[in-house]
Amino acid sequence: MKQEHDGNQPPEKKLWRTRTLLASGMTRAGIDKAVAEGTMFRVCHGVYSDREPTDGERLGAFVAARPELVYTGETAAFLYGLTDLSWPATARVPRKNSHDGGRRLSLTTGRVRRSRTIRGVPATSPLETAVDLSLPDATLRSFLQEQYLGARGNDALAEDLAALPPQRRARAAELLDGLITGTASNLELRAVTAIIGALDGIDVEVIVNGMVQGYRFDIVIPEAGVLIEIDSYAYHGEGGEFTTEDSHLKERWKKNAASRFGWTLLSYTDRCIDFTLTYTLAEIVDTVRYNLAYPRPR
């Protein structure tokens with residue numbers, strides 16, 4: 001049985017659509033009156049709440065009303081924690097959809113090939129977001145380095161770069177030039193930064209989390225045939241807190257594969273990076289130079 005209302009009071013629920021309010025017995029005039037009196041709040045077009053919504057709730061309500069929407073530009077930057085939110089929010093919808101978003105939502109039409117779910121709502125990829133922003137390059141580069149950390153960081157970055165429209169890839173290349181991505185930990189990031197600096201002037205490529213013979217190595221220097229592993233005791237030491245029998249066994253096969261296929265494998269611990277970095281870097285540079293001069297056959 002339909003609940004009776006005097007046209008002014010919403011049904012007992014915290015979030016309503018216009019059709020729900022009308023079906024409950026409220027009138028459009030009653031809805032407008034409730035909003036004017038502050039007993040009900042307009043979250044977005046066609047959606048109302050019993051309290052003043054937060055910015056995040058408004059963004060979530062827009063997506064609930066239009067699931068095809070993806071946040072872009074400064075709104076995506078807000079979701080990633082780069083900037084404050086300014087209204088109207090910016091988003092993109094497929095070309096066949098209406099681009100009328102009302103006063104709180106500025107819509108463009110087009111395809112979003114890669115997106116991420118941030119704070120429960122979809123946003124353009126970190127790379128596309130950075131390309132769209134006018135923030136200082138140092139800020140954007142730091143953001144991209146943070147977003148593409150981890151063992152699959154370089155894979156995700158490659159996919160996001162490939163998804164960019166061709167006319168935007170030049171700007172992406174500027175932001176990514178010399179950027180260290182893909183490192184799985186702060187320890188590796190410090191190590192890679194130092195190693196790249198030490199190899200400056202030597203014509204080699206430094207690949208982070210590269211694949212060799214089916215195994216992923218922290219650093220791969222293909223021209224010199226050098227692999228580098230940065231191993232903390234907790235994750236790689238025998239008896240380490242996060243070391244298992246299976247992971248310990250895999251490490252042996254991995255190192256054997258490197259040796260069998262003619263690579264020089266150098267392994268360093270967190271203490272090597274923290275306390276003997278100068279010696280560690282000198283050893284790496286000497287090994288790279290030697291292997292370039294005297295290539296090692298399989």
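All of the points below concern the structure found in this document. In this text, all values refer to a predicted model and were calculated from it rather than measured experimentally.

Looking at the pairing of strand E2 (residues 41-44)
Then comes step 1: Sheet topology places E2 next to strand E3 (residues 47-49); three bridges connect them, and they run antiparallel. Its bridge partner lying in E3, Cys44 is registered against Val47.
Then comes step 2: Remark: two residues form the turn of the hairpin made by E2 and E3, two consecutive strands paired antiparallel; Gly46 in that turn has positive phi of roughly 85°.

Concerning the sheet that holds E3
Then comes step 1: Spatial strand order, E1-E3-E2: three strands in an open sheet with antiparallel pairing. Each having just a single partner strand, strand E1 (15-17) and E2 make up the two edges of the open sheet. Across the sheet, the axes of successive neighbouring strands diverge by a mean angle of 35°, strand direction being ignored.

Let's talk about the pattern of salt bridges
Proximity of charged atoms lets side chains of opposite charge pair with each other.
Then comes step 1: Taken as a whole, this structure holds 17 salt bridges when the rule is applied.
Then comes step 2: Its salt-bridge partner being Asp132, residue Arg168 comes within 2.1 Å of it at the nearest N-O pair. Here Arg168 is found in the loop between helix H7 (153-163) and helix H8 (169-176), whereas its partner Asp132 is found in helix H5 (residues 126-132), with 36 residues between them in sequence.
Then comes step 3: Taking the shortest distance from any N to any O, the salt bridge between Asp155 and Arg216 comes out at 3.5 Å. Of the two residues, Asp155 sits in helix H7 while Arg216 sits in strand E10 (residues 215-221), which places them 61 residues apart along the sequence.
Then comes step 4: With relative accessibility at 27%, the residue Asp155 sits in the partly exposed group.

With respect to the nonpolar core
Then comes step 1: Core analysis: the largest hydrophobic core is formed by 38 residues, its most contacted members being Leu59, Leu69, Tyr71, Leu79, Leu105, Leu127 and Leu144.
Then comes step 2: Among all residues touching Leu105, those that are not within four sequence positions of it are Phe62, Leu69, Tyr71, Pro88, Ala89 and Ala91.
Then comes step 3: In this structure, Leu199, Val226, Ile230 and Leu281 belong to the second largest nonpolar core, which totals 24 residues.

Re helix H6 (residues 137-147)
Then comes step 1: Residues of H6 that are buried: Leu140, Phe143, Leu144 and Gln147. Looking straight down H6, one finds its buried side chains confined to an arc of 95°; they lie on one side. Pointing more than 90 degrees away from the buried face of H6 are the exposed residues Ala138 and Glu146.
Then comes step 2: Buried positions along H6 lie against strand E7 (115-118), H5 and H8.

The rules we used
- Residues numbered from 1 in each chain as written.
- Predicted model: local features only at pLDDT ≥ 70, side-chain atom pairs only at ≥ 80, totals over all residues.
- Heavy atoms only, no water.
- Pairing = 2+ DSSP bridges.
- Helix = DSSP H or I, 4+ residues; strand = E, 2+ residues; numbered from the N terminus.
- Axes fitted to C-alpha atoms, helices over the stretch in contact; angles between N-to-C directions.
- Salt bridge = Lys/Arg side-chain N within 4 Å of Asp/Glu carboxyl O.
- Buried < 20%, exposed > 50% of the residue type's maximum accessible area, 1.4 Å probe, protein only.
- Core = buried A, V, L, I, M, F, W, Y, C linked by side-chain atoms within 4.5 Å.
- Contact = heavy atoms within 4.5 Å.
- Arc of directions from axis to C-beta.

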